[in-house]
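In case you want the letters, here they are:
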Amino acid sequence: MADERPAAAPSTPSPGAKPASPAGGLPEDLYGGLRRLAGVGYQLRAAVRAGDRFLALDATDDHNTGVWLISCALALAEDVKTELDGLARSWKPRPTEAAIASALHRLRTRAHQLHAAARAADHFLDQDSSEDRSTGSWLVACALGLAEKLAGETEDLASAMKRATGDGAATDAGAARRPAPAVASTLRGVTVQ
């Protein structure tokens, strides 16, 4: 006898729904976007660090290389800032995700600070006076500190999101040694609340 039950229609998400991620119901674009931005953040940090090193050298070619690296860092900082703003605007947190929303807000602030420091450094390094170039060098050091924090905090937030849902616990080598963390835990010395 043939089964006369109606076949279940494939479920399709509503047009405004965000796809769930492996990170326990968080939007795929938020988790994946943060992972990708952490990688870009490390590239940004490397560009600023290399620019800082080249700017400290005496040769004109080295100075020019440093200036170009800071220009590259400025473009990366613009991308990170814009994408973090887009992620924050498109994601509507539930009340239980207040800690993630707060951490994302701090990342956006850090990204805007980094963009401003890189933009100002790029401007001052192009000037002719030694005082302006000195100001540019100090701004590069400021941008480097911000880039290090941004890259680490972005990676930490993405990892905390995954661990908080329990999905990443099996794949995280250190998870067996740690108690099940909440997003409001301290990560790399930065409190994510």
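Everything numeric in this text was worked out from a predicted model, so none of it was measured.

**Some details on the overall build of the protein**
Secondary structure assignment for the protein yields four helices and two strands. If you list the helices and strands of the protein from N to C, you get α-α-α-α-β-β. The proportion of buried residues among the 193 residues of the protein is 36%. For the protein, contacts bridging at least 24 residues in sequence account for 67% of all contacts bridging at least 6. Per element, the accessible surface of the protein, about 11000 Å² overall, is 55% carbon and sulfur.

**Things to note about the nonpolar core**
With 36 residues, the main nonpolar core has L30, L34, L84 and L114 as its most contacted residues. Only α1 (28-55), α2 (60-90), α3 (98-125) and α4 (130-164) provide two or more residues apiece to this core.

**Overview of the environment of A121**
Mapped onto the secondary structure, A121 falls in helix α3. Ignoring any residue separated from it by four or fewer positions in sequence, one finds A121 in contact with I70, G136, L139 and V140.

**With respect to the side chain of K81**
With respect to the secondary-structure elements, K81 resides in helix α2. The class of K81 is buried, set by a relative accessible area of 15%. Not counting the four nearest positions on each side in its chain, K81 is found in contact with A111, H112 and H115.

**Focus: the side chain of R110**
If you trace the backbone, R110 turns up in helix α3. By relative accessible area, which is 18% here, R110 ends up buried.

**Examining the packing of α2 against α3**
At a closest axis distance of 8 Å, the pairing of α2 and α3 adopts a crossing angle of 155°. On the basis of the axis angle, α2 is roughly antiparallel to α3. Relative to α3, α2 is oriented so that their crossing is left-handed. Across the interface between the two elements, H63, V67, I70, S71, L74, A77, E78, V80, K81, L84, D85 and A88 of α2 pack against L104, L107, R108, A111, H112, L114, H115, A118, R119, A121, D122 and L125 of α3.

**Points about the confidence of the model for the protein**
Per-residue pLDDT for the protein has a mean of 77; in total, 69% of the residues score no lower than 70. Within the protein, no element has a lower average pLDDT than strand β1 (residues 186-187), which sits at 34, and none a higher one than α3, at 94. Per-residue pLDDT stays below 50 along residues 1-25; that stretch engages in 22 contacts with residues further than four places along the chain or on separate chains. Contacts from residues 168-193, a stretch scored under 50 in pLDDT, to residues over four places away or in other chains number 35 contacts.

**Focus on the pattern of salt bridges**
Scanning the entire structure with this criterion turns up five salt bridges. When the shortest N-O distance is used, the salt bridge between R36 and E83 registers 1.9 Å. Of this pair, R36 sits in helix α1 while E83 is found in helix α2, placing the two residues 47 residues apart along the sequence. Between E153 and R110 there is a salt bridge, with the nearest N and O atoms lying 2.9 Å from each other. Taken as a pair, E153 in helix α4 and R110 in helix α3 lie far apart in primary sequence, 43 residues in all. The same class applies to E153 and to R110, which are both buried.

Calculation rules
- In this numbering scheme, every chain counts its residues from 1 along its sequence in written order.
- A pLDDT threshold of at least 70 governs which residues receive local features in this predicted model, and a stricter bar of 80 or more applies before side-chain atom pairs are shown or counted, although totals over entire chains, interfaces and linings include all residues.
- To obtain the side-chain values, all non-hydrogen atoms of the structure were included, while hydrogens and water were left out.
- The way it works is that DSSP assigns letters per residue, a run of H or I at least four long becomes a helix, a run of E at least two long becomes a strand, and they are numbered from the N terminus.
- With a 1.4 Å probe rolled over the protein chains alone, any residue whose accessible area is under 20% of its type maximum counts as buried; one over 50% counts as exposed, and the rest are partly exposed.
- In what follows, residue pairs with any heavy atoms lying within 4.5 Å of each other are defined as contacts.
- For the area figures, the Shrake-Rupley method with a 1.4 Å probe applies, and any residue is considered shielded solely by the protein chains shown.
- Buried residues of nine kinds, namely Ala, Val, Leu, Ile, Met, Phe, Trp, Tyr and Cys, make up a nonpolar core once their side-chain atoms join them within 4.5 Å.
- Note on definitions: angles span 0 to 180 degrees between N-to-C directions of axes, and those axes are lines fitted to C-alpha atoms, for helices only across the stretch in contact.
- For classification, angles of less than 35 degrees are called roughly parallel, those exceeding 145 degrees roughly antiparallel, those between 65 and 115 degrees roughly perpendicular, and all remaining angles oblique.
- Here a crossing is taken to be left-handed if its near helix is turned anticlockwise relative to the far helix by less than a right angle, and right-handed if that turn runs clockwise.
- Residue-level confidence of the predictor is what pLDDT reports, using numbers from 0 through 100.
- In the sections that follow, a salt bridge refers to a side-chain nitrogen of Lys or Arg positioned within 4 Å of a carboxyl oxygen of Asp or Glu.

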